[in-house]
Amino acid sequence: MARRRSVPQVQEPYLQDLVDGDVDSLLSREDLDGVELRDVDISGARLRGVTYRETLLVGVKADETDWRGARFADCALRSVDAVSLAVPESDWQAVELTDSRIGALTVHSCVWGSVLLRGCKIEYLNLRGSQLSDVVIVDSTIGELDLHDAAAERVLFQNTRIA
């Protein structure tokens, strides 16, 4: 009997009735819920363990930002620019990362559920030891992809080049 292939089911983030935030609210290391931030520079910030719910971040400069252990639920990150971005041991649920340029994206030992990467250029994507479920990477370029010891279920690469 032929085995059925499951396609990823990516849930769009719930982003309704957002309030405007500012860079100070993002850098405060407090959890954010229902906030929209545009054109902020958080380079070098240590934002470990912060939780973001129903949050939209657009035009973020994030060189050397440390989001270790952060939680993202129903979030969209658009036009993120970073030479190196550390988000290991994080949890991403219903998250979109779009139109972004990142040199090294370190997200090892993370959990990704219902995640969409679209229109991204990432030189090095480290998903080592991560748990991936319902992940779609589309219209993107990835220089090097590290999936060593990752557990992947329903992951789709579409119109994406891995060099």
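To be clear, the structure that these remarks concern was listed above.
Now for a description of the structure that goes with this document. Quantities reported herein were computed from a predicted structural model and do not represent experimental measurements. (Residues numbered from 1 in each chain as written. Predicted model: local features only at pLDDT ≥ 70, side-chain atom pairs only at ≥ 80, totals over all residues. Heavy atoms only, no water.)

## Comments concerning the overall build of the protein chain
A tally of regular secondary structure across the protein chain gives 1 helix and 14 strands. In terms of C-alpha radius of gyration, the protein chain reaches 15 Å, essentially the compact-globule figure of 15 Å for 163 residues. Projecting the C-alpha coordinates of the protein chain onto the three principal axes gives extents of approximately 55 × 30 × 25 Å. Taken over 163 residues, the protein chain has a buried fraction of 44%. For the protein chain, contacts bridging at least 24 residues in sequence account for 10% of all contacts bridging at least 6. (Helix = DSSP H or I, 4+ residues; strand = E, 2+ residues; numbered from the N terminus. Rg over C-alpha atoms; globule rule 2.2 N^0.38 Å. Buried < 20%, exposed > 50% of the residue type's maximum accessible area, 1.4 Å probe, protein only. Contact = heavy atoms within 4.5 Å.)

## Focus: the pattern of salt bridges
This structure, assessed with the given rule, holds 10 salt bridges. Of the charged contacts, one joins Arg 68 and Glu 89 as a salt bridge, the two residues approaching to 3.0 Å between their closest N and O atoms. Here Glu 89 lies in the loop between strand 6 (71–86) and strand 7 (91–98) and Arg 68 lies in the loop between strand 5 (65–66) and strand 6, a separation of 21 residues in the sequence. Classification of Arg 68 as partly exposed rests on a relative accessible area of 29%. For Arg 128, the salt bridge goes to Asp 146, with nearest N and O atoms at 3.0 Å. Here the residue Arg 128 occupies a position in the loop between strand 10 (121–126) and strand 11 (131–138), and Asp 146 occupies one in strand 12 (residues 141–146), the gap between them amounting to 18 residues. Classification of Asp 146 as buried rests on a relative accessible area of 12%. (Salt bridge = Lys/Arg side-chain N within 4 Å of Asp/Glu carboxyl O.)

## Brief notes about a nonpolar patch on the surface
On the surface, Leu 147, Phe 157 and Ile 162 cluster together into a nonpolar patch covering about 230 Å² of accessible area. Here Ile 162 is to be found in strand 14 (residues 161–162). (Patch = residues over 30% accessible without salt bridge, like charges linked within 9 Å, V, L, I, M, F, W, Y side chains within 5 Å. Areas by Shrake-Rupley, 256 points an atom, 1.4 Å probe, with all protein chains shown as cover.)

## Some points on unusual backbone geometry
Despite not being glycine, Asp 134 shows a phi value in the positive range, around 60 degrees. Along the chain, Asp 134 turns up in strand 11. A relative accessible area of 13% places Asp 134 in the buried class. Despite not being glycine, Asp 149 has its phi angle at roughly 65 degrees, a positive value. Mapped onto the elements of the fold, Asp 149 is located in the loop between strand 12 and strand 13 (151–158).

## Remarks on empty space enclosed by the protein
One pass over the full model with this rule turns up 1 cavity of 30 Å³ or more. As for the largest cavity, its lining consists of Trp 67, Phe 72, Leu 77, Val 80, Leu 85, Val 87, Trp 92, Leu 97 and Ile 102. Elements with a minimum of two residues in the lining of the largest cavity: strand 6 and strand 7. Looking at the lining of the largest cavity element by element, the count peaks at 4 residues for strand 6. When its residues are assigned to classes, the lining of the largest cavity shows 9 nonpolar, no polar and no charged. (1 Å grid on protein atoms, 1.4 Å probe; cavity = no way out; pocket = protein on both sides within 12 Å on 5 of 7 lines; lining within 4 Å. Points joined across faces, edges and corners; volume = space filled by probe spheres on them. Nonpolar A, V, L, I, M, F, W, Y, C, P; charged D, E, K, R; others polar.)

## Observations concerning the side chain of Ser 140
Looking at the element boundaries, Ser 140 is found in the loop between strand 11 and strand 12. There is a polar contact of 3.4 Å between the side chain of Ser 140 and the backbone nitrogen of Gly 119. At a separation of 2.9 Å, a polar atom in the side chain of Ser 140 contacts the main-chain carbonyl oxygen of Val 138. Beyond its immediate chain neighbours, meaning those up to four positions away, Ser 140 contacts Leu 117, Arg 118, Gly 119, Cys 120, Asn 159, Thr 160 and Arg 161. (Polar contact = N/O pair within 3.5 Å; in protein donor to acceptor, adjacent residues only side chain to side chain.)

## What to know about the nonpolar core
Ranked by size, the top nonpolar core spans 40 residues in total, and within it Trp 67 and Trp 112 carry the most contacts. Broken down by secondary-structure element, the contributors of at least two residues to this core are strand 3 (35–41), strand 4 (51–61), strand 6, strand 7, strand 8 (101–106), strand 9 (111–118), strand 10 and strand 11. A per-element tally of this core places strand 6 first, with 6 residues. When near neighbours in sequence (up to four residues on either side) are disregarded, Trp 67 contacts Ile 42, Leu 47, Tyr 52, Leu 57, Phe 72, Leu 77, Leu 85, Ala 86, Val 87 and Pro 88. (Core = buried A, V, L, I, M, F, W, Y, C linked by side-chain atoms within 4.5 Å.)

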